[in-house]
Structure formats: C-alpha cells, structure tokens
Amino acid sequence: MATTKLSERARTGFAKGLLYDQHRPSYPANAVTKLLDSAGVRGVRDARMVDLASGTGKFTELLAAREEAFDILAVEPHAGMRSGLERKHLPRVDSRDGSSTAIPAADGTIDAVFAAQAFHWFANQESLREIHRVLKPGGVLGMIWNIEDYNQTKSATMTTTWESKLHDLTWTFDDNEPRFRHEKWKQVFDNQIKSTPLTILTSANPLFSLPLGEVEVKFTTWLSKESLWSRYSTLSQIAVLEGEELENTKRTFTEIVNGDDVETNEKGEIPVHGVTFMAWTSKIPE
C-alpha cells in the first residue's frame, strides 16, 4: 500500500473541522437507504464497510445508527477532522489514519467502500486499485455528495436568481483543485477502458463496472443568512481566505443574500436548494 497523502490546500481548507461538522448538512435518509440498497448491504447485518475520507463523521454516524449493526472502518488522513469523529464515540466504528491509497484493511475483506463528499479528491487509478484491493469480489464502491446550487457544475440550472449569483461567486475561486463541480471525477472510470478496438479485448483490465449507477434527490433547506454564510465558508476554497480577500468575499455574499430577489420566511430564513447525488459501481474480479 502507498503512504498516506493529503494535499496542503486540503489540509488547510479542512483545518476548521468543528465548523465543518456544525454547518455542513447531513444526508437525507431516503438517499442513504438508496445508496445502501445499491451497494447490496441494506439489511445485511454486520456487513463490513469502509467510510473513506470520513472527515468528522457526517456520513459515518448515519451508518452507525443503522439497525444492521455495520462493522465500520472510518479512514481519514486529516488529524483534526478525524478527532472530530472520534469525539462522537460512535458504536462499532474503528477510526483510523489512512487514505485512498493506504486503506488499513486486508485484501478482499470489505463489503462496501463509501466516499461521502470526497471522491473527487482522489479520483485516480492508484486509489481505484487500492479500493479494488480491499473489496470482496462483487463489492461496491458508493459515492455520495450534497451539492447546493451555489456549488454546482457550470452547466447546472439554478433554482433562483440569487443562487445563480452565489454560484458565479463560487466559480471565481477556481484554484485548480479537483472538486465535484468540475465534473472530472468520472473520468477515472471511463479511462479504464480507453483502448483501440484491437486491444480492448486483450489488454483492457477494468477494475470497476460501467456504466455507473447514478441517482439524485433534490432538497431544500431553510437557513438564516448567518447560517448560510457559516455553511458557505466551510467550502475548502473559501475556508483558506484571510484578511481583505475574506472581507470582500463576505461583503459580496451579504449583498447577494440581501437582494430584492431573495425569498424569506417569517423567521427571516431563505431557501437553499440543492441535490444529493449518488453514484455506485461494483468490483470486477481479477
């Protein structure tokens, strides 16, 4: 196995693990059930799984609360994020230092590997090989993201005008780090079978099945403007801002959410729209 790796920008951007845990949304129950069903572990008691890049445990705690009593290995390279998970004292969860290229599990011992809000960080062949190594034959890699409109892809249709403006602001911070909205994470799966017609049958050796299973569930969350800023500022490219750049970003954010086109309820909260996007694929035995 390779050594644990974490980019410096990711290390810095996720340094405020407590804020991340407080302000990032959890995952809808129906979406989690759908993903577990697609991974073949729904209703399977004691199924052994890895929550890869588990962070502060936003997804881990949902797995740990399930009646199946899953055996969960939570793998996270960021010490601050990992300590946030460990403070929760979740049942049947073994929290370990590791990464997508260094999963502390024996060959062929894992029923499912899940990556919540994370796969875009390590969408590469080295990680696929490591995930393939630990999965049992036919085991599943499941991926899930909560994606608010303001953090969507460039081609996505915005629900409201103000969210379109905030989406444009988000895209001004393009630091060349891989993120869901760049839509490049799928390429690692497509590249498995890139070959000429003469060689695809003889030399192509895909690790995971195609096409990917995909589904999305829409959500709307009502947040105060202050709470939305707290959530928005946990985006890794915003979390690293300091001084004047941070002040200018918050000023622009404030102007957007106080615009005449922003709907509010009796509590002064505004509706934040997004989707929970899920994808899954199964291991192809060697």
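Please read all numbers here as calculations on a predicted model, not as lab measurements. (Residues numbered from 1 in each chain as written. Predicted model: local features only at pLDDT ≥ 70, side-chain atom pairs only at ≥ 80, totals over all residues. Heavy atoms only, no water.)

A. Broad picture of the packing of aromatic side chains. Following the criterion strictly, the structure yields 15 aromatic pairs and no others. Aromatic side chains Trp145 and Phe277 sit 6.2 Å apart centroid to centroid with 40° between the ring planes, which places their arrangement in the tilted category. A residue pair is termed long-range when its members are at least 10 positions apart, and Trp145 in strand β5 (residues 135-148) and Phe277 in strand β7 (residues 270-282) qualify at 132 residues. Each of the two residues, Trp145 as well as Phe277, counts as buried. Between Trp229 and Tyr232, the aromatic rings sit 6.2 Å apart at their centres with planes inclined by 40°, giving tilted as the arrangement. You can see Trp229 and its partner Tyr232 sitting in helix α9 (residues 225-232), three residues apart, about one turn around the helix. You'll find Trp229 and Tyr232 in the same group, each marked buried. A cation over an aromatic ring shows up here: Arg181 above the ring of Trp171, its NZ or CZ 5.1 Å from the ring centre. (Phe/Tyr/Trp six-rings, centres within 6.5 Å; stacked < 30°, edge-to-face > 60°. Helix = DSSP H or I, 4+ residues; strand = E, 2+ residues; numbered from the N terminus. Buried < 20%, exposed > 50% of the residue type's maximum accessible area, 1.4 Å probe, protein only. Lys NZ or Arg CZ within 6 Å of the ring centre and 35° of its normal.)

B. Spotlight on the confidence of the model for the chain. This prediction gives the chain a mean pLDDT of 90; 89% of its residues lie at or above 70. A low-confidence stretch, residues 7-15 stays under pLDDT 50, and its non-local contacts, those more than four residues away or across chains, total 19 contacts. The model gives residues 198-203 a pLDDT under 50, and that stretch makes four contacts with residues more than four places away or in other chains. (pLDDT = per-residue confidence, 0-100. Contact = heavy atoms within 4.5 Å.)

C. Expanded view of unusual backbone geometry. Residue Pro211 is bonded to the preceding Leu210 through a cis peptide linkage, with omega at 0°. Turning to its location among the elements, Pro211 is positioned in the loop between α8 (187-190) and β6 (213-223). Although it is not a glycine, Arg92 sits at a positive phi angle of roughly 60°. Mapped onto the fold, Arg92 is located in the loop between α5 (79-86) and β3 (93-96). Backbone geometry places Glu183, a non-glycine residue, at a positive phi of 65°. Note that Glu183 resides in the loop between α7 (161-171) and α8. Accessibility expressed as a relative area gives 48% for Glu183, which makes it partly exposed.

D. Focus on the pattern of salt bridges. Under the counting rule described, the total for this entry stands at eleven salt bridges. With a shortest N-O distance of 3.6 Å, Asp261 and Lys165 are connected by a salt bridge. With Asp261 in the loop between α11 (243-257) and β7 and Lys165 in helix α7, this pair connects stretches of sequence that are 96 residues apart. For Asp261, a relative accessible area of 32% corresponds to the partly exposed category. By relative accessible area, which is 42% here, Lys165 ends up partly exposed. Salt bridges sharing partners connect three or more residues here, namely Asp107, Glu130 and Arg133. (Salt bridge = Lys/Arg side-chain N within 4 Å of Asp/Glu carboxyl O.)

E. Quick peek at the packing of α9 against α11. For the pair α9 and α11, the least separation of the axes is 11 Å and the interaxial angle reads 135°. By the angle class used here, α9 and α11 are oblique. As for how α9 packs across α11, the hand of that crossing is right-handed. Residue-level inspection shows Lys225, Leu228, Trp229 and Tyr232 of α9 in contact with α11, the latter providing Leu246, Thr249, Lys250, Phe253 and Val257. Split into classes, the residues belonging to the contact of α9 with α11 amount to six nonpolar, one polar and two charged. (Axes fitted to C-alpha atoms, helices over the stretch in contact; angles between N-to-C directions. Parallel < 35°, antiparallel > 145°, perpendicular 65-115°, else oblique. Left-handed = near helix turned anticlockwise from the far one by under 90°. Nonpolar A, V, L, I, M, F, W, Y, C, P; charged D, E, K, R; others polar.)

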